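One letter stands for each residue in the lines below.
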Amino acid sequence: MDEERFTIEATGMRPLAYMESVGWVGPDVWFAHGIHFNDDELRVLAQTGTGVAHCPISNMKLSSGVARVSDMLKLGIPVGLGVDGSASNDGSSLLEEMRVGFLLHRLNESYNAPTGYDLLKIATRGGAKVLGRPEIGQLASGKAADLFMIDANRLELTGAMKDPKAVLAVVGWRGPVDRTVVAGRTVMQGGHLVGIDEERAAAEADACWRRFVEKNA
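Note on numbering: residues in each chain are counted from 1, in written sequence order. Where local features are concerned, this predicted model is filtered to residues with pLDDT of at least 70; where side-chain atom pairs are given and counted, the filter is 80 or more; whole-chain, interface and lining totals use all residues. Here the side-chain values reflect all heavy atoms present in the structure, with hydrogen atoms and water set aside.

### A closer look at the nonpolar core
- In this description, a nonpolar core means a group of buried Ala, Val, Leu, Ile, Met, Phe, Trp, Tyr and Cys residues linked to one another through side-chain atoms lying within 4.5 Å. Each residue is placed in one exposure class: buried if its accessible area under a 1.4 Å probe, protein chains only, is under 20% of its type's maximum, exposed if it is over 50%, and partly exposed if it falls in between. Residues Leu 16, Phe 37, Leu 45, Met 72 and Ile 77 are the most contacted members of the largest nonpolar core, which totals 25 residues.
- Where this core is concerned, the elements lending two or more residues are α3 (39–48), α5 (69–75), β3 (79–81), α6 (94–109) and α8 (167–170).
- The secondary structure listing takes helices from DSSP runs of H or I that are at least 4 residues long and strands from runs of E that are at least 2 residues long, numbered from the N terminus. With three residues, the single largest contributor to this core is α3.
- In this analysis, two residues are considered to be in contact whenever any of their non-hydrogen atoms come within 4.5 Å of each other. When neighbours within four sequence positions are excluded, Ile 77 is seen to be in contact with Leu 42, Leu 45, Ala 46, Thr 50, Val 52 and Met 72.

### Looking at α3
- Inspection of α3 places Glu 41, Leu 42, Val 44 and Leu 45 among the buried residues, and these make up the whole buried set. Buried residues in α3, looked at end-on, bunch into an arc of 155 degrees, giving them a common side. Across α3 from its buried face, at more than 90 degrees, point the exposed residues Asp 40 and Gln 47.
- Elements that come into contact with the buried residues of α3 comprise α2 (15–21), β1 (30–32), β2 (51–54) and α5.
- Polar contact is the term for a pair of N or O atoms within 3.5 Å; when the atoms are in protein, one must be able to donate a hydrogen and the other to accept it, and sequence-neighboring residues count only if both atoms are side-chain atoms. Residue Asn 38 occupies the N-cap position of α3, its side-chain oxygen lying 3.2 Å from the main-chain nitrogen of Asp 40.
- Once α3 ends, the next one or two residues include Gly 49, with phi positive near 75 degrees. Here, the arc refers to the directions that run from the helix axis to the C-beta atoms.

### Re the sheet that holds strand β7 (residues 192–193)
- In this analysis, strands are considered paired if DSSP registers two or more bridges between them. Spatial ordering of the open sheet is given by β4-β5-β6-β7, a layout of four strands whose pairing is antiparallel. The open sheet has two free edges, formed respectively by β4 (147–149) and β7, since each of these has just one partner strand.
- Pairing geometry for β4 and strand β5 (residues 179–182), over three bridges, is antiparallel. Bridge pairing in β5 places Phe 148 opposite Thr 180.

### Brief notes about the layout of surface pockets
- Cavities and pockets were defined on a 1 Å grid built from protein atoms only: a cavity is a group of points that admits a 1.4 Å probe but offers it no way out, a pocket is an open group of points flanked by protein on both sides within 12 Å along at least five of seven lines, and a lining residue is one with an atom within 4 Å of any such point. Grid points are joined across faces, edges and corners, and a volume is the space filled by probe spheres set on the points. In this structure, the largest pocket spans a volume of roughly 1500 Å³.
- In terms of lining, the largest pocket is formed by 48 residues, of which the most central are Met 98, Leu 120, Ala 123, Thr 124 and Phe 148.
- Breaking the lining of the largest pocket down by element, the ones donating at least two residues are β1, β3, α6, α7 (116–130), β4, α8 and β5.
- Residue classes in the lining of the largest pocket are distributed as 33 nonpolar, ten polar and five charged.
- Computed from the structure, the second largest pocket encloses a volume of approximately 610 Å³. When residue character is reported, Ala, Val, Leu, Ile, Met, Phe, Trp, Tyr, Cys and Pro are called nonpolar, Asp, Glu, Lys and Arg charged, and the others, Gly included, polar.

Here it is as C-alpha cells:
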C-alpha cells in the first residue's frame, strides 16, 4: 500500500493507470505480486493480457496482503508463481510456494480458492504464459525437455497419490527432488547437483556473505 500511496502522490494516478500511461501493459508485460488491483484494474489486465507473478510467501512474510488469484484466473489473466527475492522469502523454493499458496487461498476463500491442480498449473503453464515462453511449461511434443522427478514410492507420500495432479500443492514436498533435467540433460540426481562440489560451493558462499556482513557492519 505504501507503493500505491507514493504513486498517487507523485503522479496523481494509481499504479496501473500510470503504467498504462507509459505503455507498460500487454502480453509482454507482467507485474510482481499484484495484491491491490481493484475490479476495474483486473479487467484491464485481462483485456490487455498483462500477467501477474504471484509470490504468496513473500506477501505473507511482509504482511503485504493476499492477491486476488481466484478472480484473476476467472478473468483469464495470466498468473505464474514466483518466490520474490531472497530477502523477502528466505527459502526460494517453488515447491514450497505451491503448497503455501494453496493453503493461503484456502484460508482466505475456502472452497472458492484455487485447487491443488490449479496451483500446479499456475507454477508450470501459468509461469510459461506470463514469461511469453510457449516452448516451456508442460510435458508435450515440441516443448523443451525440462522436468523434475520425485519418487512416489516412499513413506512420506504413502496414500497421497490418489490425486497426483494435486499432491504437490495439497500434501507438498520438502527437501530436494530426486532428479532434475534441463534441456534434456540431468543437472540433479539423487538430491544432489551434478558436476559441482556442493560442499565447496556452500563453503565459498558462506564465506562470501560473512565478508559482506562484516564489511557493512
